[in-house]
Amino acid sequence: MTDTLLSPIALPAPPATLLEGAALFLDFDGTLVPLADTPDAVEVTDELLAMLVRLRDRLGGRLAIVSGRSITTLRDLGFGDFLMSGTHGLEFAHPGEDVKAPPRLPAIDAVEAAFHAFADDKPGLLVERKSISVGLHFRGAPIWGEAAGALADLLARDHGLALQHGKMLYELRPGGADKGSALTALMQETPMAGGVPVFIGDDVTDEEGFAAAAKLGGAGILVGTPRPTLASFFLEQVAAVRHYLSEGAAG
């Protein structure tokens, strides 16, 4: 499709035929559900889950959730029946099976303590503990964004961790994986193998997924705020994603 950054103004909406024979990879926050003020404020409805089950079954099982969230959190939100990769490609799980992930590093605990020391006297900042990573959200206090970024960069260098930029978020985690490597790995496994990869996501962290999908002959779909992207198609908001997927689920 494309291996260069394009303006989403030039990108068309994805055709219904894109889902035919697809191996579908779906980001969660900002793609399946709107971004919320806090990570635990998102709502996953039974209607959304039922639609995704119908779509998965129509695709012969070739549907995976690929998120920055931990798999434990995704399962708590209702996605236990889906193939998943969590924490930006560091975690994997098939339905009903144990999570495959590296151990939580002592450095992550040290960073979590430093994030709390920074955030505890600054209302609006939020430290998010994940299974093998930790995030510092500044959506509720954007005035502290620059200082939060400087701290995260310093801690990443001091502890030899990967710094993941997100929407109003800095996350520190082990390196060696991203959403693109997650897609590439899952495309080697049943049930995704044999499909044409399509990755739908909204964040800069999804660009690796778009690139990996294109490299394997598929495509990316950017959601939400227009920006230069490796995606080939564009949907303007979560509601448009749900409509597109529901049309695919209905056949």
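Everything discussed here concerns the structure shown above.
Just so we're clear, the structure is a prediction, and the values are computed from it rather than from any experiment.

What follows deals with empty space enclosed by the protein. A complete count under the given rule lists 1 cavity of 30 Å³ or more for this structure. The calculated volume of the largest cavity comes to roughly 380 Å³. Asp 29, Leu 35, His 137, Leu 169 and Asp 203 are the residues nearest the centre of the largest cavity, which is lined by 26 residues in total. Those elements that provide at least two residues to the lining of the largest cavity are strand 7 (162-166) and strand 8 (169-173).

What follows is about the pairing of strand 6 (residues 134-137). Here strand 6 shows two buried faces, one formed by Val 134 and Leu 136 and the other by Gly 135 and His 137. Relative to strand 6, strand 5 (residues 126-129) runs antiparallel, the two being bridged by 4 bridges. Among the inter-strand pairings, Arg 129 is bridged to a residue of strand 6, identified as Val 134. Count of turn residues in the strand 5/strand 6 antiparallel hairpin: 4 residues. One ladder, built from 4 bridges, connects strand 6 with strand 8; its direction is antiparallel.

A separate point is the layout of surface pockets. Put simply, the largest pocket is a space of about 160 Å³. Every residue lining the largest pocket is listed: Pro 39, Asp 40, Arg 69, Ser 70, Thr 73, Leu 77, Leu 126, Val 127, Glu 128, Arg 129 and Lys 130. Counting residues per element, the ones that place at least two in the lining of the largest pocket are helix 2 (71-79) and strand 5. Residue contributions to the lining of the largest pocket peak at 4 residues, all from strand 5. When the residues that make up the lining of the largest pocket are grouped by side-chain class, the tally is 4 nonpolar, 2 polar and 5 charged.

On to the packing of helix 1 (residues 46-58) against helix 7 (residues 238-250), then. Packed helices, taken two at a time, are described by their axes: the angle between them and the distance between them. Packing of helix 1 against helix 7 leaves a shortest axis separation of 8 Å and a crossing angle of 50 degrees. As far as their axial angle goes, helix 7 and helix 1 are oblique. Between helix 1 and helix 7 lies a crossing whose hand is left-handed. Of helix 7, the residues touching helix 1 (which contributes Leu 48, Met 51, Leu 52, Arg 54, Leu 55 and Arg 58) are Arg 242, Leu 245, Ser 246, Gly 248 and Ala 249.

Okay, the sheet that holds strand 2 (residues 63-66) next. Taking strand neighbours across the sheet as the criterion, the 7 strands line up as 4-3-2-1-9-10-11 in an open arrangement whose pairing is mixed. A strand with exactly one partner marks an edge of an open sheet, and here the two such strands are strand 4 (91-93) and strand 11 (233-235). Taken pair by pair, the neighbouring strands of this sheet meet at an average axis angle of 20 degrees, ignoring direction. Of the strand pairs in this sheet, strand 1 (residues 22-26) and strand 9 (residues 196-201) are connected by 5 bridges, and their pairing is parallel. Counted as the bridge partner of Leu 24 is Val 198 from strand 9.

Moving on: the nonpolar core. If you look at the biggest cluster of nonpolar residues, it comprises 37 residues, and the most contacted ones within it are Leu 24, Leu 52, Phe 79 and Leu 245. Listed by contribution, the elements that provide at least two residues to this core are strand 1, helix 1, strand 2, helix 2, strand 9, strand 10 (219-223), strand 11 and helix 7.

Okay, helix 5 (residues 179-186) next. What helix 5 keeps buried is the set Lys 179, Gly 180, Ala 182, Leu 183 and Leu 186. The buried residues of helix 5 all sit within an arc of 160 degrees when viewed along its axis, so they share a single face. In the core, the buried residues of helix 5 are packed alongside strand 1, strand 2, strand 3 (83-86), strand 4, strand 9 and helix 6 (207-215). In this structure Asp 178 caps helix 5, since a side-chain oxygen of it lies 2.8 Å from the backbone nitrogen of Gly 180.

Cut-offs and rules
Residues numbered from 1 in each chain as written. Predicted model: local features only at pLDDT ≥ 70, side-chain atom pairs only at ≥ 80, totals over all residues. Heavy atoms only, no water. 1 Å grid on protein atoms, 1.4 Å probe; cavity = no way out; pocket = protein on both sides within 12 Å on 5 of 7 lines; lining within 4 Å. Points joined across faces, edges and corners; volume = space filled by probe spheres on them. Helix = DSSP H or I, 4+ residues; strand = E, 2+ residues; numbered from the N terminus. Buried < 20%, exposed > 50% of the residue type's maximum accessible area, 1.4 Å probe, protein only. Pairing = 2+ DSSP bridges. Nonpolar A, V, L, I, M, F, W, Y, C, P; charged D, E, K, R; others polar. Axes fitted to C-alpha atoms, helices over the stretch in contact; angles between N-to-C directions. Parallel < 35°, antiparallel > 145°, perpendicular 65-115°, else oblique. Left-handed = near helix turned anticlockwise from the far one by under 90°. Contact = heavy atoms within 4.5 Å. Core = buried A, V, L, I, M, F, W, Y, C linked by side-chain atoms within 4.5 Å. Arc of directions from axis to C-beta. Polar contact = N/O pair within 3.5 Å; in protein donor to acceptor, adjacent residues only side chain to side chain.

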